[in-house]
Amino acid sequence: MKTKKLLSMLVVCILVFTVFTACQTDQSEEPLQEEEGKVSPEILAKLDAAYFDTSRAFTTNFMGEDGVAVEDMFFTYAQIDELQPVDPLAKHYRTTNLVTKLPRSITISVDPDLGTLGSDALDETIQMYNDLNLRISFTRVAFGQRGRNKANIEVTEFFELESGGFITLGRAAGFPTRKGDPARGFGINSRWFELSIAPNVSELAGTMAHEIGHCIGFRHTDYQTRQSCGQNVNEGSAGVGAIYIAGTPTGSDASSIMQSCGPAIDFNNNDITALEALY
């Protein structure tokens, strides 16, 4: 996660990895998500019971499926129906489902709409993971292929304006499946590229590495509190598990790339320990 503070006209703006506040002078630029993307009370109750922060949850179509965006995640309605109420005091860090059939090369592609920046960032992200010599590796393939040639993980472009002073930078399409496959992809918000705090290659690569982390089974390292975002919200295990990884800190890890919000653009030693423990 990335956190930056900008001071302009006595307004403090905070940039974070998945969600950040941005200086806004024209409230009319915000999307009408409260009306157009309103989530039903029944769905909100299920997400609340799984200890997701639903204050900015909204319905949307993401990667061709209808569902709900909450935090930096997207769940289809079928996935939401599988969520179970959890113990808000649970303190664990990976999902129950992981990528299986190891060793395994995971193919990944990037939407050309993310431009040279997106292309270069994905190359850097792949190198970050492959340099660790894990039992999973990543191979880049062409975007938009079909059938067996389609990438296991697709990095897509989406455009979403700020809402309530926040903007989502990346959004993962869930966690690993019960069959042991990675989540099918994640999106990068191209609105970020238009702002004065637009990312460089390393910052975007850090965001991509974070979202890949979700795709292969990692929860936020501070999921209990979202402390790195200045919040005190427990995401809970979300019905997909949140299991502590031995050898890693049990509290918030300020430099982890899997912080809810933070400055990381590369793996720290604890991230590497967790990756090596699982893969």
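See the structure above.
Here we summarise the structure given alongside this text. None of the values given here were measured: they were computed from a predicted structure.

**Quick look at the pattern of salt bridges**
Working step 1: All chains considered together, the criterion is met by eight salt bridges.
Working step 2: Note that Arg184 is salt-bridged to Glu65, the shortest N-O span being 2.7 Å. Of the two residues, Arg184 is situated in the loop between β11 (170-172) and β12 (185-189) and Glu65 in strand β5 (residues 65-70); the sequence distance between them amounts to 119 residues.
Working step 3: Accessibility expressed as a relative area gives 31% for Arg184, which makes it partly exposed.
Working step 4: Assessed through its relative accessible area of 34%, Glu65 is described here as partly exposed.
Working step 5: Glu162 serves as the salt-bridge partner of Arg191, at 3.1 Å between the closest nitrogen and oxygen. With Arg191 in the loop between β12 and α5 (201-215) and Glu162 in the loop between β9 (153-158) and β10 (166-168), this pair connects stretches of sequence that are 29 residues apart. Comparing Arg191 with Glu162 shows no difference in burial state: the two are buried.
Working step 6: It is possible to trace a salt-bridge network through shared partners that takes in Lys101, Arg104 and Asp181.

**Topic: the environment of Lys179**
Working step 1: Here Lys179 lies in the loop between β11 and β12.
Working step 2: Overall, the relative accessible area of 68% leaves Lys179 in the exposed class.
Working step 3: Sequence separation between Lys179 and Asn97 is 82 residues, and the spatial gap between their C-alpha atoms is 8.3 Å.
Working step 4: Excluding residues that lie within four positions of it along the chain, Lys179 makes contacts with Thr100 and Lys101.

**Quick notes on the packing of helix α4 (residues 115-130) against α5**
Working step 1: Closest axis-to-axis distance for the α4/α5 pair is 8 Å, and the angle between their directions is 60°. In terms of orientation, α4 and α5 fall into the oblique class. Here α4 and α5 pass one another in a crossing that is right-handed. Residues Leu117, Gly118, Asp120, Ala121, Leu122, Glu124, Thr125, Met128 and Tyr129 of α4 pack against Val201, Ser202, Leu204, Ala205, Met208, Ala209, Ile212 and Gly213 of α5.
Working step 2: The residue inventory of the contact of α4 with α5, partitioned by class, reads 11 nonpolar, four polar and two charged.

What counts as what
- Residues numbered from 1 in each chain as written.
- Predicted model: local features only at pLDDT ≥ 70, side-chain atom pairs only at ≥ 80, totals over all residues.
- Heavy atoms only, no water.
- Salt bridge = Lys/Arg side-chain N within 4 Å of Asp/Glu carboxyl O.
- Helix = DSSP H or I, 4+ residues; strand = E, 2+ residues; numbered from the N terminus.
- Buried < 20%, exposed > 50% of the residue type's maximum accessible area, 1.4 Å probe, protein only.
- Contact = heavy atoms within 4.5 Å.
- Axes fitted to C-alpha atoms, helices over the stretch in contact; angles between N-to-C directions.
- Parallel < 35°, antiparallel > 145°, perpendicular 65-115°, else oblique.
- Left-handed = near helix turned anticlockwise from the far one by under 90°.
- Nonpolar A, V, L, I, M, F, W, Y, C, P; charged D, E, K, R; others polar.

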